[in-house]
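# A structural walkthrough
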Amino acid sequence: MRRENHAEQAQIIIRSRLCSPSFIFSILSDSPDSNYSKLKYIVSSSVTEACNNSVLLLGPRGCGKNAVLELVLEDILKEHPDMISVIKLSGLLHCDDSCALKEIARQLCIEHQLLFSKMASSDDNTQFLVSMLRECGFAHKTIIFVLNEFDLFAQGKQRLLYSLLDAMQSVTSQAVVIGVSCRLDADQLLEKRVRSRFSHRKLLFLHLSRDDLHRLLEHILLLPTDGSLPHDYVAAFNTKLLHILADENFHGIIDVLSYPYSTVSELSRFLFSTVCRMDLNPGILSLENFKAALTSVQRQPKMEGLKDCSILELYVLVCMKRLEVKELESCNFNSIMEEYKSIHDTFQTSDYYARNVCLRAFEHLLQRGLISFEDNRGHLQSSEFRPVKLLISWHELQQGLKSHLSCPVLLHKLMDRGN
Amino acid sequence: MAETPKTKKSKASSNKTPNLKQSISPPTPQISTTTNTTAPRRSLRLTSATPQKFQQSAVTTPNIRQNAPLGSPTTISLAPASPQLTESKRKRKIENGKNEGLETKRASRNVDKNARKGSGRKRVYYKKVVYDGGEFSAGDDVYVKRREEAASDDEDPVVEECRVCFKPVGKRIMIECDECLNGYHLKCLKPPTKEVPAGSWICNYCEARKSGKKAEFPDPPKGKKRARTAREKLISSDLWAAHIDSLWKDVDGTYWFRARWYVIPEETSVGRQPHNLRRELYLTNDFADVEMESVIRHCFVMNPKEFSKADNEGDDVFLCEYEYNIQWQSFKRIAEIDNNEDDGGVDSDDDWNSCDDSESDTEEDMEYDIEKGHCLLSGPSPAHSLAANSRKGQIYGLQKIGTKTIPEHVRCRKQTDLEWAKAMLLLATLPKSLTCRDKEMDEITTFIKDAICDERCLGRCLYIHGVPGTGKTMSVLAVMRNMRSEVDAGSIRPYCFVEINGLKLASPESVYSVIYEGLSGHKVGWKKALNFLTERFSGENKCWKKDSKPCVLLIDELDLLVTRNQSVLYNILDWPTKPNSKLIVIGIANTMDLPEKLLPRISSRMGIQRLCFSPYNYQQLQEIISSRLKGIYAFEEYAVEFASRKVAAVSGDARRALEICRRAAEIADYRAKSLPLSNSNTAVIVGMGDVEAAIKEMFQAPHIQVIRSCSKLSKIFLAAMVHELYKTGMGETTFEKMAVTVSCFCSSNGELFPGYDTLLKVGCKLGECRILLCESGAKHKLQKLQLNYPSDDVTFALKDSKDLPWLAKYL
């Protein structure tokens, strides 16, 4: 009973670690070459030296751009309390200029306990922004603008970026613009007069390297020895874990995991599902947990979708495949039915269903995304007449048929012959 | 001259007059006691801090103050006291026998108005008052008595004495200790010195105290009480300092002034901070009416720039860098006028212009202005009811912004050459002199001068073009600054200047209202503004005609004003051609052929006079950078040259060059800071390596690094893309073909093929980073893919990857 309690507690500890990006990235941030210390240097030097800067954080999704930024902002806020106001915008929400300006004004008002008016025009908001920048400069306060999904701000006339960056060209203002984007060419999207005003500091966030990955694994999974958990339990847990980490099989699992994508978010998803699979009775992670987690993380949605198809749906797919092989221009439900009928006529199968049943199967396939309409035109037409196309390739279909439990032999034959 | 109500100051105050008038009576009795009784200043402050009083107090808003010198050259007629008047003053002084002397009558308009309003009392405002032998004018700083007896106990010695020999300065040189502020004759020092030591100097006593020893100052000779100077009294809070805002003679003949108090650091909420200088004061937002009787004499409160220059100006010199807000107990830097000059642009000009034209304003407008003044400075009550961001660009509650304590780091000097260099390379820092654009600036100057000085003043247009960062706007603004000083000197006719940035307008049409506001100070809708402007420039309106000065209109980012039927541009460019328009338009844009792209009727109006700002070449860039870095040894010479050559080769953008150098300095600084402490003594200089790193960061696309670091499957995917490209010669391919190639790669090299779905996701992730261009993943096998970077880059990145050595054979 007690053991189970400890195990639950350990699970909670590890899960909460996995859910806080700041914990995960705290280990990767101590070296002077890390993005954390570089970014922190840039931001804190612009706070202390009262200058304006603009930085771009680039890198694929899941590599911790925002997590590192959060860490840095947290530390800077701690170091210089009351001197910094952070304005956060997201390109998905505020890519419209006037809306972004309004949001900036709103957040500034909240930050400085001013009364905000929704009715203000965008001219007013621009002026408000400019004078706030000046006043904050006089009060030695730095305003940090975080623009998430920076690439989306770079659409249209880029008025917002222009007015932000242009306001930063004066001595009195003190601001940092931090753009976060997963597009590597985000700075090329800027119009040239905006680009000229941008100060082009770039920090690149890369995928996890192997060494980092192993450091991270230990950092996340090893239980703290000085926590509330009993010592012997922690010791047992940690020795077993270190044992697993050194295991060849485990290395295999990690290789498979990081083969397609090696990002931090992928790793933490994997570990989360591992920890959830931990058996509470011994309360210790086992290699099986990791294995099970791997299969649950790397899913093959289309294959699984095929696996769940009914026999009739498989028939429809194979018919479509055959039509495709015949290189007909396009097919719709009626041509599929003709093909189905011809198969039935030649092979005299037992699986012959009425037209309306087939239509239902056809619509089901559409909903699953295994087939789709060729274009978005003709909404008014009923689905029977609209041209459709197959979304899965021959290999996938064949594999799906093989792994299907009750697939008729005829279909295999048809597939092979069609090729 | 003195009577002209056209001075800025007087006009600023004229806004407030109605309010003042009502308020005079209540505070007067209360404060008039101050000089006679021993009311401590604290309590007086408290009474004055009540909101009700603030309502009454007419306050020069900081906004107006800081903008005042910014004002357009339309109002240059500042009225200095002319020599004749001084004479008359002397006469009067004799006549009066005693110490009251009338000086310039300040803004007679005010008086008129008061009289008209029918209040029996009259308050006469003066610009300058001679009182008790001293000459006081608005804007001066004075010592004010705190307690009656304290002030009267002995006559204040104006002359400071040496702390050692207790003799006044005399002919010998006396220097001041930076710590205790005592003065010492050079001769009295131990050992005696001949020359004034450079830099900061601390006396022997303070030095001894600092090192822990006990050091007593020498006792004064018997019979001679050590006289405290006014400065010492002020610093030990026995005296006050105040800024004179306005001066007036009250009905009963007593002289009063409106004082804006200074506080010493001890009197603020946070107390004296370690970074405070001994002679530091804070300007408060606390006002009181004080009788002239309590004034002792002048003191001199200076901003840091003046203060650092003030060497020999005696003992009554103080430093004031910050404003202290009593209600919020917060600090704010006082705006320096010359720093403010470049950021002003449209807004501040507008602010000022609106004050300018208050003559023509209606009474209500004035009241509104007064209200504005109050809300900016007074207590929380009015600010709460008003939103901060909504009222015609007037922002409420800005007084709330301020630091509770002044952070120490901002007060310390820049330590190293590197930090200096970084500060100098900031884009915001205006260089002392603009280099490399003399020819263009001359051309602009002659253009404007020709246009203005012309008797008929035919309107003209100038189109300036050039790539970003070649100093177009900066040159024009610099020319305008020079012109303004010439206007001040009186060699050119006054004109008005309106600056507009096309990208900062909400819509092209709103340019009309901005221009109209710039000219008249009123805000109207654009259609109305267009009518007014057309009237004005075509000279139909009578009332415009009388006072119309030439108007210089600067439109930055002109291409943003192009609308579908191009009517906005046409209107703006058509006005100058009208007789009597007196309009000069300077348009700035990036594209060289903007006039040609426009309708012929516009290009014929705009394209006559053009000025091209060619990109800087590397020598010019180098000159720009090194002129900023003059006297700072932080850069290797080659490093600057390298950076400027690189930028000149790419764009010739001075901003880029400066940013590269600043980034390089940052990199060097970062390197220096991460060094172990033992090595930190050696100065780090920005070398080629740092510049190289900065250039790389700015110009190199990061895709190669990302490709190198990405997962195995992504690399295989990319290699398959390149392979496919070479095989078919087609840039575009579909996911189905790719999948076949990848699975073929994998099976022949013993790698795992993870399945189509995973592969699709990998492709989509690459598409997200824009290494690939791809359609949405929902299209699955029909998804079209294309490399976003040249295939050579991908090949280069993948050629020697360690984990997949076999990739090279497919590339």
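Before reading further, recall that the structure is shown in the block above.
To start, this report covers the structure provided alongside it. Here the structure is a predicted model, which is why all the values come from computation and not from measurement.

Calculation notes
Residues numbered from 1 in each chain as written. Chains lettered and ligands numbered in written order. Predicted model: local features only at pLDDT ≥ 70, side-chain atom pairs only at ≥ 80, totals over all residues. Heavy atoms only, no water. Helix = DSSP H or I, 4+ residues; strand = E, 2+ residues; numbered from the N terminus. Contact = heavy atoms within 4.5 Å. Areas by Shrake-Rupley, 256 points an atom, 1.4 Å probe, with all protein chains shown as cover. Lys, Arg positive; Asp, Glu negative; His and termini not counted. Charge placed at Lys NZ, Arg CZ, Asp CG, Glu CD. Pairing = 2+ DSSP bridges. Buried area = accessible area lost by both parts, 1.4 Å probe. Salt bridge = Lys/Arg side-chain N within 4 Å of Asp/Glu carboxyl O. Polar contact = N/O pair within 3.5 Å; in protein donor to acceptor, adjacent residues only side chain to side chain. Expected span 1.5 Å × (residues − 1). Buried < 20%, exposed > 50% of the residue type's maximum accessible area, 1.4 Å probe, protein only. Arc of directions from axis to C-beta. Phe/Tyr/Trp six-rings, centres within 6.5 Å; stacked < 30°, edge-to-face > 60°. Lys NZ or Arg CZ within 6 Å of the ring centre and 35° of its normal. Axes fitted to C-alpha atoms, helices over the stretch in contact; angles between N-to-C directions. Patch = residues over 30% accessible without salt bridge, like charges linked within 9 Å, V, L, I, M, F, W, Y side chains within 5 Å. Parallel < 35°, antiparallel > 145°, perpendicular 65-115°, else oblique. Left-handed = near helix turned anticlockwise from the far one by under 90°. Nonpolar A, V, L, I, M, F, W, Y, C, P; charged D, E, K, R; others polar.

What follows deals with the overall build of chain A. For chain A, the count of helices and strands is 21 helices and seven strands. C-alpha atoms of chain A, sized along the principal axes, occupy 90 × 65 × 35 Å. Sequence separation of 24 or more characterises 72% of the internal contacts of chain A that already satisfy a separation of 6 or more. Surface exposure of chain A reaches about 17500 Å², of which carbon and sulfur atoms provide 52%. Between the centroid of the 46 positive side chains of chain A and the centroid of its 50 negative side chains there is a distance of 3 Å.

Next up on the list: the sheet that holds strand 20 (residues 784-787) of chain B. All names here are of chain B. Taken in spatial order, the three strands of this open sheet run 18-20-19, and their pairing is antiparallel. The open sheet has two edge strands, strand 18 (733-734) and strand 19 (772-774), and neither has a second partner. Looking at chain direction, strand 18 and strand 20 are connected through two bridges and run antiparallel. Looking at the pairing, Thr734 lines up with Lys784 of strand 20.

The next point concerns the interface of chain B and chain A. In this complex, chain B contributes 100 residues to the contact, which on the side of chain A involves 92 residues. With both sides pooled, the region where chain B packs onto chain A buries about 8500 Å², and carbon together with sulfur makes up 54% of that total. The tally of links from chain B across to chain A stands at eight salt bridges. At the junction of chain B and chain A, the tally comes to 36 residue pairs in polar contact (both at pLDDT 80 or more).

The subject of this paragraph is helix 12 (residues 231-246) of chain A. Residue and element names in this part refer to chain A. For helix 12, built from 16 residues, the straight-helix expectation of 22 Å at 1.5 Å per residue is met to within 8% by its first-to-last C-alpha distance of 23 Å. When we look at burial in helix 12, the residues that qualify are Tyr233, Val234, Phe237, Asn238, Leu241, Ile244 and Leu245. Viewed end-on, helix 12 has its buried residues packed into an arc of 125°, placing them on one side of the element. Helix 12 presents His231, Asp232, Thr239, His243 and Ala246 as exposed residues on the side facing more than 90 degrees away from its buried surface. Buried residues in helix 12 make contact with helix 1 (2-19), helix 11 (210-221), helix 13 (248-258) and helix 15 (287-297).

Okay, helix 15 of chain A next. All names here are of chain A. Listing the buried residues of helix 15 in full gives Leu287, Asn289, Phe290, Ala293, Leu294 and Val297. Along helix 15, the residues classed as buried sweep out an arc of 155° about the axis, all on the same side. In this structure, helix 15 carries Glu288 and Thr295 as exposed residues pointing more than 90 degrees from its buried face. Residues of helix 15 that are buried make contact with helix 11, helix 12, helix 13 and helix 14 (264-276).

Turning our eyes to something else, we now look at the packing of aromatic side chains. For the structure on display, the rule yields 20 aromatic pairs over all chains. Taking the centre distance of 6.0 Å and the plane angle of 45° together, the rings of Phe150 of chain A and Phe198 of chain A count as tilted. Of the two residues, Phe150 of chain A sits in helix 8 (residues 150-153) while Phe198 of chain A sits in the loop between helix 10 (192-197) and strand 5 (201-204), which places them 48 residues apart along the sequence. The residues Phe150 of chain A and Phe198 of chain A share a single accessibility class, namely buried. One aromatic cluster is present, formed by Tyr512, Trp526, Phe537 and Trp575 of chain B through successive ring pairs. Over the aromatic face of Phe373 of chain A sits the side chain of Arg386 of chain A, whose NZ or CZ is 3.8 Å from the ring centroid. Of note, Arg601 of chain B hangs over the ring of Tyr570 of chain B, and the distance from its end group to the ring centre comes to 4.6 Å.

Residue and element names in this part refer to chain B. Notably, Gln566 is not glycine yet its phi reads approximately 55°, a positive angle. Here Gln566 is to be found in the loop between strand 15 (551-556) and helix 24 (567-574). Classification of Gln566 by relative accessible area gives buried; the value is 10%. Backbone geometry places His780, a non-glycine residue, at a positive phi of 50°. Along the chain, the position of His780 falls in the loop between strand 19 and strand 20.

Taking strand neighbours across the sheet as the criterion, the five strands line up as 2-3-4-1-5 (chain A) in an open arrangement whose pairing is parallel. Every other strand in the sheet has two partners, leaving strand 2 (84-90) and strand 5 of chain A as the edge strands with one partner each. Geometrically, the sheet is characterised by an average inter-axis angle of 20° between neighbouring strands, direction not taken into account. Where strand 3 (residues 142-148) of chain A meets strand 4 (residues 175-181) of chain A, six bridges bridge the pair, whose relative direction is parallel. Note on strand 4 of chain A: the bridge partner recorded for Phe145 of chain A is Val177 of chain A. Across the sheet, helix 29 (residues 654-674) of chain B is in contact with strand 1 (53-58) and strand 5 of chain A; its angle to strand 5 of chain A comes to roughly 55°.

A cluster of acidic side chains, namely Asp438, Asp442, Glu443 and Glu623 of chain B, defines a negative patch on the protein surface. On the accessibility criterion, Glu623 of chain B (42% relative accessible area) is partly exposed.

All names here are of chain A. Two elements in contact, helix 11 and helix 12, have axes separated by 11 Å at closest approach and are oriented at 160°. On the basis of their axis angle, the class for helix 11 and helix 12 is roughly antiparallel. Once helix 11 is placed against helix 12, the crossing between them reads as right-handed. Seen from helix 11, the contacting residues are Leu217, Glu218 and Leu221; seen from helix 12, they are Phe237, Leu241, Leu242 and Leu245. Taken together, the residues of the contact of helix 11 with helix 12 break down into six nonpolar, no polar and one charged.

Here the focus is the pairing of strand 16 (residues 583-589) of chain B. Residues and elements named next belong to chain B. Counting buried residues along strand 16, seven of its seven residues qualify, which places the element largely inside the surrounding structure. Side chains Leu583, Val585, Gly587 and Ala589 project from strand 16 onto one buried face, and the interleaved Ile584, Ile586 and Ile588 project onto a second face that is buried too. Where strand 13 (residues 460-466) and strand 16 come together, six bridges link them in parallel fashion. Residue His465 lies in a different strand from strand 16, and its bridge partner there is Ala589.

Residues and elements named next belong to chain A. Viewed as axis vectors pointing N to C, helix 14 and helix 15 meet at an angle of 125°, and their least axial separation amounts to 8 Å. For the element pair helix 14 / helix 15, the angle class is oblique. When the axes of helix 14 and helix 15 are compared, the crossing they make is right-handed. Across the interface between the two elements, Glu266, Arg269, Phe270, Leu271, Ser273 and Thr274 of helix 14 pack against Asn289, Phe290, Ala293, Leu294, Ser296 and Val297 of helix 15. Looking at the contact of helix 14 with helix 15, its residues break down into six nonpolar, four polar and two charged.

Residue and element names in this part refer to chain A. Throughout the structure, instances matching the rule amount to 41 salt bridges over all chains. Glu149 is the salt-bridge partner of Arg61, the closest N and O atoms lying 3.3 Å from each other. With a gap of 88 residues between them, Arg61 in the loop between strand 1 and helix 4 (65-79) and Glu149 in the loop between strand 3 and helix 8 connect regions that are remote in the sequence. Look at Arg61 and you get partly exposed, because its relative accessible area is 34%. Ionic pairing is found between Glu191 and Arg193, a salt bridge with its closest N-O pair at 2.9 Å.

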